[in-house]
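# Commentary on secondary and tertiary structure
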Amino acid sequence: KINLVHGAHRDGKRPDEAMKKWRGYGLGQFIHWGLYAIPGGEWNGKTYNGAAEWIRSWDGIPKSTYDSLIYKFNPVNFDAKAWAATAKQMGAKYVTITTKHHDGFCLWPSKYTDYTVANSPWKKDIIKPLVDAYDAAGIDVILYFSVMDWNHPGWRYDIKTEADSIAFEGFKQFTRNQLIELLTLYPTAKGLWFDGTWDKSWVKQAAFADELEQELRKLRPGIIIGSRFRADEYGKRHFDSNGVLIGDYEQGWERKLPEKIADVHGNDWDCVMTVPENQWGYNKAWKGHIKTAFELIEMTAKSVSLGGNFVMNFGPQGDGAIRKEELQLAKEIGDWMKVNSEAIYNCEYAVLDKQDWGYFTKKTGSNKIYMLVFNTPINGKYRVKLPAKMGISMAAPLSNPGVKLKIEEIKANEYFIEFNNPSAKQPFVITFETDTDKKSNQNYEKAKT
Ligand SMILES: C[C@@H]1N[C@@H](C(=O)NCc2ccccc2)[C@H](O)[C@@H]1O
């Protein structure tokens, strides 16, 4: 083991109530909104091929021209309650909202910069009504904050000269001030989702970032901060020089999912996912593959089956309305969650071998198992392998608990659960219970039709 001062300060999952609640969220909403939503990936009729929220970095636009978008920020159709209602209907249990993205525009009236909503035609705070609306909807709020800030004169990609170092010191204090300001103005926020922390300038600030993280945790006990905030003193990010996760959960699953349980190293994690291939901010022309509700539901099931949460991104339009395609996806996902969310909320990795038909989840603190089916076997027989000595109780469709499904023990601790569901067009859930002291063949009803 290497002796580290600014590595991980804790190993393993956080045991406290705040983190237990986070662990059980299952499904979340990401909101990427800011000045970039106004051009929406297009400028003077030309489309920008990168991610819409990175359009400022496109050579085709003079930076000052982009920065003057502040004078066009007037989202007349912004309705915080409507956004929260969409998330509620979808079944999201938490929301991560951009307070400031890489362009440095603040959606709250920060007193540490002029580049905020206060100096736009809109004038008003955007974050406060959002936090209030989501809190009222019972959806926990996490504040996204980009450390990298293209608008601040003190931002540097690396520290090469004494002048860089002096400028960056000012930037570090500005960053600290804004974070304390956010936690003070929005005390109900449950966490901070840091981004824009990969450049050398910030990676070299192990001591400062470690002290700042500890200060924020003291200011807001229980606050949840992921692995993307800070590097250790050897520049190691997410996992320190001893391979221990820095922060409360792994924050590396951006637009990708783990394949198997070994990939998550026993840590908490969430996956943040775009609906198109790679657009977080609003992009008028949603080119390429747009994920369907089916795909997003499967990613949610897969995430929970591997002990994580799934966070689906929304990129509201410059006028503040959510685009109709995202509203439609929220409805379809919400309709599925209405019937099946018991297999998602407060569920965890079931410690069972994955089978071809789909994913297992297990209700935390119980022996209830859920089989989330995405591929129906032609013979209607669903294979389940249990650890030795573990029995299986009666199985039933989650949506119809009265139907006792036939369970056939085909060999030691291996079963076929029979369920012919030819009309299925949507993923569905079968549920059963396990018991630890297996009394072979006595733990489930013999077939009843
Ligand atoms: C959550 C997303 N993170 C921002 C981003 O720049 N991701 C690209 C990226 C991801 C990981 C390392 C470097 C760069 C995107 O703009 C979104 O805000």
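For the chain, the count of helices and strands is nine helices and 18 strands. A globule of 449 residues ought to have a C-alpha radius of gyration of about 22 Å, and the chain, at 24 Å, matches this closely. Expressed along its principal axes, the backbone C-alpha trace of the chain runs to roughly 75 × 55 × 35 Å. The long-range fraction of contacts in the chain, counting pairs at least 24 apart against all pairs at least 6 apart in sequence, stands at 71%. Of the roughly 18800 Å² that the chain leaves accessible, carbon and sulfur atoms contribute 54%.

With that out of the way, let us pick up the packing of aromatic side chains. Scanning the entire structure with this criterion turns up 32 aromatic pairs. Plain terms: the ring middles of Tyr-382 and Phe-428 are 6.4 Å apart, the flat faces sit at 80° to each other, and that makes the pair edge-to-face. Here the residue Tyr-382 occupies a position in strand β14 (residues 381-385), and Phe-428 occupies one in strand β18 (residues 428-435), the gap between them amounting to 46 residues. Accessibility expressed as a relative area gives 1% for Tyr-382, which makes it buried. The ring of Tyr-345 has Lys-93 sitting right over it, with the charged end atom 4.5 Å from the ring centre.

Relative to each other, helix α3 (residues 80-90) and helix α4 (residues 127-136) sit at 40°, their axes nearing to 8 Å. Here α3 is positioned oblique relative to α4, judged by the angle of their axes. As α3 packs across α4, the resulting crossing turns out to be right-handed. Contact with α3, carried on its side by Ala-80, Lys-81, Trp-83, Ala-84 and Ala-87, involves Pro-129, Leu-130, Ala-133 and Tyr-134 of α4 and no other residues of that element. Looking at the contact of α3 with α4 residue by residue, the classes come out as eight nonpolar, no polar and one charged.

All residues in the neighbourhood of the ligand are listed as His-32, Glu-53, Trp-54, His-101, His-102, Tyr-144, Trp-193, Asp-195, Trp-198, Glu-254 and Trp-280. Between His-32 and the ligand, the recorded distance is 2.7 Å, taken from a side-chain N or O atom to an oxygen atom. One nitrogen or oxygen atom from the side chain of His-102 is found 3.2 Å from an oxygen atom belonging to the ligand. Among the residues making up the shell around the ligand, the classes are represented as five nonpolar, three polar and three charged.

What follows concerns the pattern of salt bridges. What the rule picks out here adds up to 35 salt bridges. Residue Asp-16 is joined to Arg-14 by a salt bridge in which the shortest nitrogen-to-oxygen separation is 2.7 Å. On the basis of relative accessibility, which here comes to 7%, the residue Arg-14 falls in the buried class. Between Asp-195 and Arg-228 there is a salt bridge, with its nearest N and O atoms 2.8 Å apart. Separated by 33 residues along the polypeptide, Asp-195 in strand β6 (residues 191-195) and Arg-228 in the loop between β7 (224-225) and β8 (250-254) bring together distant segments of the chain. For the residue pair Asp-195 and Arg-228, the accessibility class agrees, reading buried in each case.

Criteria and cut-off values
Residues numbered from 1 in each chain as written. Predicted model: local features only at pLDDT ≥ 70, side-chain atom pairs only at ≥ 80, totals over all residues. Heavy atoms only, no water. Helix = DSSP H or I, 4+ residues; strand = E, 2+ residues; numbered from the N terminus. Rg over C-alpha atoms; globule rule 2.2 N^0.38 Å. Contact = heavy atoms within 4.5 Å. Areas by Shrake-Rupley, 256 points an atom, 1.4 Å probe, with all protein chains shown as cover. Phe/Tyr/Trp six-rings, centres within 6.5 Å; stacked < 30°, edge-to-face > 60°. Buried < 20%, exposed > 50% of the residue type's maximum accessible area, 1.4 Å probe, protein only. Lys NZ or Arg CZ within 6 Å of the ring centre and 35° of its normal. Axes fitted to C-alpha atoms, helices over the stretch in contact; angles between N-to-C directions. Parallel < 35°, antiparallel > 145°, perpendicular 65-115°, else oblique. Left-handed = near helix turned anticlockwise from the far one by under 90°. Nonpolar A, V, L, I, M, F, W, Y, C, P; charged D, E, K, R; others polar. Near = heavy atom within 4 Å. Polar contact = N/O pair within 3.5 Å; in protein donor to acceptor, adjacent residues only side chain to side chain. Salt bridge = Lys/Arg side-chain N within 4 Å of Asp/Glu carboxyl O.

By themselves, these figures tell us nothing about what the structure is for.
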